[in-house]
Amino acid sequence: MNHLAKWAAMICIAVFLSVLNTGAAFAHASLIESDPADGAVSDAAPKSITLRFSEPVRPLVARLIHPGGHTEVLKDIDEKGDTIVLTLPDTLENGTHILSWRVTSSDGHPIGGGLVFSIGAPSAIAPPVEAQTDLVVRSGLWTARLVLMLVLVFGVGGTAFSILVAGQTIAREEWPVGGLLLTGLLATPLLIGFQGLDALDEPVPALLGWDTWSAGLFATSFGRAAVLGATALILAYAARQTGLRTGVVLASLALLTVGLAVASAGHAATASPTLLTQPALFLHAVTATLWIGALLPLAILFKQPSFGAVLALKRFSAVIPLIVGVLILSGLALAVVQLRTVTALWTTDYGLVLLAKLALVSALLLLAAFNRYRLTKPVLAGSKTAARQLQRSILAEVVLGSLIIAVLGLWRFTPPPRTLAAAPAALQAITARKDGLSAVLSIHPPFTGPVTVEVRDLILDGKPLEPLSVSIDLDKPSYGIGPFTRPAQKTSAQRYSADGFVLPLDGFWVVRVTVLVSEFRSVTLTDVFDVAKATR
């Protein structure tokens, strides 16, 4: 069992390093279209920029970099569900402008992107590639979240076990649990600050600005979750300072508040159907907190076994099958909703994190079974040797429980497979029209890397067209990439295909399809594909 725990720890470390070095975090919402489009060149300066997303979003920040290099924060932002309208300054000079934006999706995760447009003609200097989130900020966010989750589980869970399950007043020896609660209250502001940095895509020095703290607290649902977590800590601390009767009420409220905090933000909290996922997430958080949180006070009690320790163990052994049963069922329901397919377990970062968690949970269940069926009975019979073995085993469970919580924090940076499967579906095919000619253009797959572009259903003046030739260009003018040109080969009636394209960057790619209608006439259809980052 110790070897299994070591292997599980190695897996979670490997997943942790791969996830923290991933680029921009995925989320549910994705940009569908913009006006002006990425790379557009216009004679007159646009009055505004319209961004339309795949779901309702809330704007966080929008920055406009002018041709001269200075940056301006756009303050006039109008949000209308899935559409954001950014009002531009009246005095835009000729040249290339760069817009970078940050929004928060319905699950609370901030996402960002950018587009480039030019007035008159593009500037001679190519715009810079969008910077990725600072690794220090990502690491700080994970660490602050880990500290708070550890405190919630071991502090609130430990308090709830002592009062609700063991039915005892708090022993003086359990001071580490009370110290954890105070540590969590001190760590909560740090978490809010790093959430603000992540939301606004700012470096650590921006912690000195009020905008960062405001974004961390109010801009996303994670701010509400942090406040609920702090409330649970206060309730648990108060429960430890009162009599048993009042403590039962306060400890129950603290445990329920932990469930509300976890169920109020994140991928699973907004997954459909929410009538299933939100209650499942609530029950999963409450039962996990009660199970893992009980380990630390149990280990402390068996440092010097007493009648109270034996009684607490007996009561815990009686309720733990129900707790674990609810935990497993709720976790299974959430996994089915989030994964959609079994292969997603090893083909996505989200699945790898889940595998690491399952390895650790399996080790924890093995230890729990060993304790229950091999050590509990001798301990209840008064064996001091078994009591010492039980304490060491419980301490090993504490370590495994902490590793599980650490792994769970990585889901903050990984998209569930259900969102990856749904995001590009609306972007695979577009219909382009010009000069009486129309065609359906599609890109397969709509991810960075090798792609194939297909042209079908060519209609000229209402009649099917058999052109003399078709050629396809792909380029990303905002970054000076392309055009890549390939002749399209006829694959069947009304269907032409060109492969050999390799797209190095995600975002908007301009597609131009040149159709030779006759020896004296050609028509070029122009549109935009929105390409997503390649997944595992």
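Here the structure is shown first, and the text comes after it.
Residues numbered from 1 in each chain as written. Predicted model: local features only at pLDDT ≥ 70, side-chain atom pairs only at ≥ 80, totals over all residues. Heavy atoms only, no water.

Caption draft 1: Examining the packing of helix H2 (residues 135-165) against helix H5 (residues 221-241) more closely. Packing of H2 against H5 brings their axes to within 10 Å, and their N-to-C directions diverge by 35 degrees. The handedness of the crossing between H2 and H5 comes out as left-handed. Counted together, Leu-148, Val-151, Leu-152, Val-156, Thr-159 and Ile-163 of H2 and Gly-229, Ala-232, Leu-233, Ala-236, Ala-239 and Arg-240 of H5 form the full contact between these two elements. Each residue belonging to the contact of H2 with H5 can be placed in one class, and the counts come to nine nonpolar, two polar and one charged. (Axes fitted to C-alpha atoms, helices over the stretch in contact; angles between N-to-C directions. Helix = DSSP H or I, 4+ residues; strand = E, 2+ residues; numbered from the N terminus. Left-handed = near helix turned anticlockwise from the far one by under 90°. Contact = heavy atoms within 4.5 Å. Nonpolar A, V, L, I, M, F, W, Y, C, P; charged D, E, K, R; others polar.)

Caption draft 2: Fine view of the environment of Arg-456. Its location among the elements puts Arg-456 in strand E12 (residues 449-460). With a relative accessible area of 23%, Arg-456 lands in the partly exposed category. In this structure, the C-alpha to C-alpha distance between Arg-456 and Arg-495, residues 39 residues apart in sequence, is 4.3 Å. When neighbours within four sequence positions are excluded, Arg-456 is seen to be in contact with Ala-439, Val-440, Gln-494 and Arg-495. Reaching out from Arg-456, the side chain makes a polar contact with the side chain of Asp-457 at a distance of 2.8 Å. (Buried < 20%, exposed > 50% of the residue type's maximum accessible area, 1.4 Å probe, protein only. Polar contact = N/O pair within 3.5 Å; in protein donor to acceptor, adjacent residues only side chain to side chain.)

Caption draft 3: Up close: unusual backbone geometry. Following Asp-35, the chain continues into Pro-36 via a peptide bond in cis, with omega recorded as 5 degrees. Tracing the chain through its elements places Pro-36 in the loop between strand E1 (31-35) and strand E2 (40-42). Residue His-444 is joined to Pro-445 through a cis peptide bond whose omega torsion reads -15 degrees. On the secondary structure map, Pro-445 appears in the loop between strand E11 (437-444) and E12. Within the chain, Asp-457 stands out as a residue other than glycine whose phi angle is a positive 55 degrees. In this fold, Asp-457 is placed in strand E12. Note on Asp-457: relative accessible area 35%, which makes it partly exposed. The backbone of Gln-494 shows a phi angle near 60 degrees, a positive value even though the residue is not glycine. We classify Gln-494 as buried; its relative accessible area is 14%.

Caption draft 4: Examining the sheet that holds strand E9 (residues 110-119) more closely. Strand order in this open sheet of five strands is E2-E9-E8-E4-E5, and the pairing throughout is mixed. Unpaired on one side and paired on the other, E2 and strand E5 (71-73) mark the two borders of the sheet. Taken over all neighbouring pairs, the strand axes of this sheet differ in orientation by 25 degrees on average, direction set aside. Pairing geometry for E2 and E9, over three bridges, is parallel. Note that in E9 the partner of Ser-42 across the bridge is Ile-119. (Pairing = 2+ DSSP bridges.)

Caption draft 5: Focus on the pairing of strand E19 (residues 521-531). Direction of pairing for strand E18 (residues 507-518) relative to E19: antiparallel, over a ladder of eleven bridges. Bridging from a neighbouring strand, Val-513 pairs with Leu-525 of E19. Hairpin geometry of E18 and E19 is characterised by an intervening segment of two residues between the two adjacent antiparallel strands.

Caption draft 6: Representation of the packing of helix H7 (residues 274-293) against helix H11 (residues 349-380) within the structure. At a minimum axis separation of 13 Å, H7 and H11 run at an interaxial angle of 45 degrees. One element, H7, and the other, H11, form an angle in the oblique class. Where H7 crosses over H11, the two elements pack in a sense that is left-handed. Where H7 approaches H11, its residues His-284, Trp-291 and Ile-292 are matched on the opposing element by Lys-357, Leu-364, Leu-365 and Ala-368. Among the residues forming the contact of H7 with H11, the class breakdown is five nonpolar, one polar and one charged. (Parallel < 35°, antiparallel > 145°, perpendicular 65-115°, else oblique.)

Caption draft 7: Structural detail: helix H4 (residues 210-219). Inspection of H4 places Thr-212, Ala-215, Gly-216 and Ala-219 among the buried residues, and these make up the whole buried set. When H4 is viewed along its axis, its buried side chains cluster within an angular range of 115 degrees and face the same direction. In H4, the exposed positions angled more than 90 degrees off the buried face are occupied by Trp-210 and Phe-218. (Arc of directions from axis to C-beta.)

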